[in-house]
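Fold and geometry: a report
Listed below are the residues making up each chain.
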Amino acid sequence: MEKFTKLTSRAVPLATENIDTDQIIPARFLKATDRLGFGDNLFRDWRFQKDGSVNTEFALNNSNYSGSVLVAGDNFGCGSSREHAAWALADYGFKVIVSSFFADIFKGNALNNGLLPVQVSEDYLKKLIAYLQKNPKSKIVVNLEEQTIQTEIGNASFEIDSYKKTCMINGYDDIDYLISKKDKIAAFEAQNI
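For the structure given in this document, a descriptive report is provided here.

About the criteria used
- Residues numbered from 1 in each chain as written.
- Predicted model: local features only at pLDDT ≥ 70, side-chain atom pairs only at ≥ 80, totals over all residues.
- Heavy atoms only, no water.
- Helix = DSSP H or I, 4+ residues; strand = E, 2+ residues; numbered from the N terminus.
- Rg over C-alpha atoms; globule rule 2.2 N^0.38 Å.
- Buried < 20%, exposed > 50% of the residue type's maximum accessible area, 1.4 Å probe, protein only.
- Areas by Shrake-Rupley, 256 points an atom, 1.4 Å probe, with all protein chains shown as cover.
- Lys, Arg positive; Asp, Glu negative; His and termini not counted.
- Charge placed at Lys NZ, Arg CZ, Asp CG, Glu CD.
- Pairing = 2+ DSSP bridges.
- Right-handed = clockwise from strand over helix to strand, strands pointing away.
- Salt bridge = Lys/Arg side-chain N within 4 Å of Asp/Glu carboxyl O.
- Core = buried A, V, L, I, M, F, W, Y, C linked by side-chain atoms within 4.5 Å.
- Phe/Tyr/Trp six-rings, centres within 6.5 Å; stacked < 30°, edge-to-face > 60°.
- Lys NZ or Arg CZ within 6 Å of the ring centre and 35° of its normal.

Structural notes on the overall build of the protein chain
Assigned secondary structure in the protein chain consists of 8 helices and 8 strands. Taking 193 residues into account, the globule formula puts the C-alpha radius of gyration at 16 Å, and the protein chain, at 18 Å, falls close to it. Oriented by its inertia axes, the alpha-carbon framework of the protein chain measures out at about 65 × 40 × 25 Å. For the protein chain, the proportion of its 193 residues judged to be buried stands at 44%. Here the protein chain displays about 10,300 Å² of accessible surface, and carbon together with sulfur accounts for 47% of that area. Charge centroids of the protein chain, computed over 22 positive and 25 negative side chains, lie 4 Å from each other.

A few points about the pairing of strand 4 (residues 96–99)
Of the two faces of strand 4, the one carrying V96 and V98 and the one carrying I97 and S99 are both buried. Here strand 3 (residues 69–72) pairs with strand 4 via 3 bridges, running parallel. Looking at strand 4, one finds that V69 is bridged to V96. On the question of chirality, the crossover connecting strand 3 to the parallel strand 4 by way of helix 3 (residues 84–92) is right-handed. Here strand 4 runs beside strand 5 (residues 116–119); their pairing, made up of 4 bridges, is parallel. The residue of strand 5 that forms the bridge with I97 is P117. Read as a crossover between parallel neighbours, the route from strand 4 over helix 4 (residues 104–112) to strand 5 is right-handed.

Notes on the pattern of salt bridges
Using the criterion set out here, one finds 5 salt bridges in the structure. A salt bridge links K127 to D123, with the shortest nitrogen-to-oxygen separation between them at 3.2 Å. Taken together, the residues K127 and D123, both in helix 5 (residues 122–134) and 4 residues apart, mark about one turn of the helix. Classification of K127 by relative accessible area gives partly exposed; the value is 47%. The class of D123 is partly exposed, set by a relative accessible area of 47%. Between D174 and K164 there is a salt bridge, with its nearest N and O atoms 3.6 Å apart. Of this pair, D174 sits in helix 7 (residues 174–180) while K164 sits in helix 6 (residues 162–170), and the two are 10 residues apart along the sequence. What makes K164 buried here is its relative accessible area of 14%.

Structural notes on the nonpolar core
In this structure, I24, F43, L70, F76, L89, F94 and F106 are the most contacted members of the largest nonpolar core, which totals 28 residues. The set of elements that each furnish at least two residues to this core consists of strand 2 (11–14), strand 3, helix 3 and helix 4. Ranked by size, the runner-up nonpolar core spans 25 residues in total, among them L7, V96, L111 and L144.

Section: the packing of aromatic side chains
For the structure on display, the rule yields 10 aromatic pairs. Consider the rings of F76 and F106, whose centres lie 5.2 Å apart with planes at 75°: the pair is edge-to-face. Here F76, found in the loop between strand 3 and helix 3, pairs with F106, found in helix 4; they are 30 residues apart in sequence, far enough to count as distant. Looking at F76, the relative accessible area reads 0%, which means it is buried. Ring geometry for Y92 versus F94: centroids 5.4 Å apart, planes at 25°, classification stacked. On the basis of relative accessible area, Y92 is assigned to the partly exposed category, the value being 32%. Through a chain of ring-to-ring contacts, the aromatic side chains of F43, W46 and F58 assemble into a single cluster. R44 extends its terminal NZ or CZ atom over the ring of F48, reaching a point 4.4 Å from the ring centre.

Listed below in structure tokens is the structure:
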């Protein structure tokens, strides 16, 4: 995984609430086991019309919006436990998802795949989405070390599991983390022989 400490980026506002994993990556695209290429079908049924033409009304197709941050409505990532949803978001280029609530399994899958879920209050989220819709070129600063999000509408703090924070800051997956503790593990084993 890539190391993540601080990100400054524009953002894509997606005010829709209760976005489930089937909307993030429809089930018909789950045949691959490689993580690459899932971004092509991210929000497929919203990004494209039934005839395959681009849905110009959808936020990801709006040329005013860009960036590595997706600011989504409440209850993001609900539904099935498919890890492919996190793969699709990351493959598309998102590094941070901001919402007022995340489904637990989605949150875990996101963190395991280097995608940072930033949970803010409902009030802050509504203000942020409205602000971004009016000011699409504004930037957001997400500081993982300080656990803050900084915007023109003010700052907010967010919680993250300390283990997952350590992993993201160092670019570790679970195996990398264990390898980083190899000397301590060996010393502990030596004491108990």
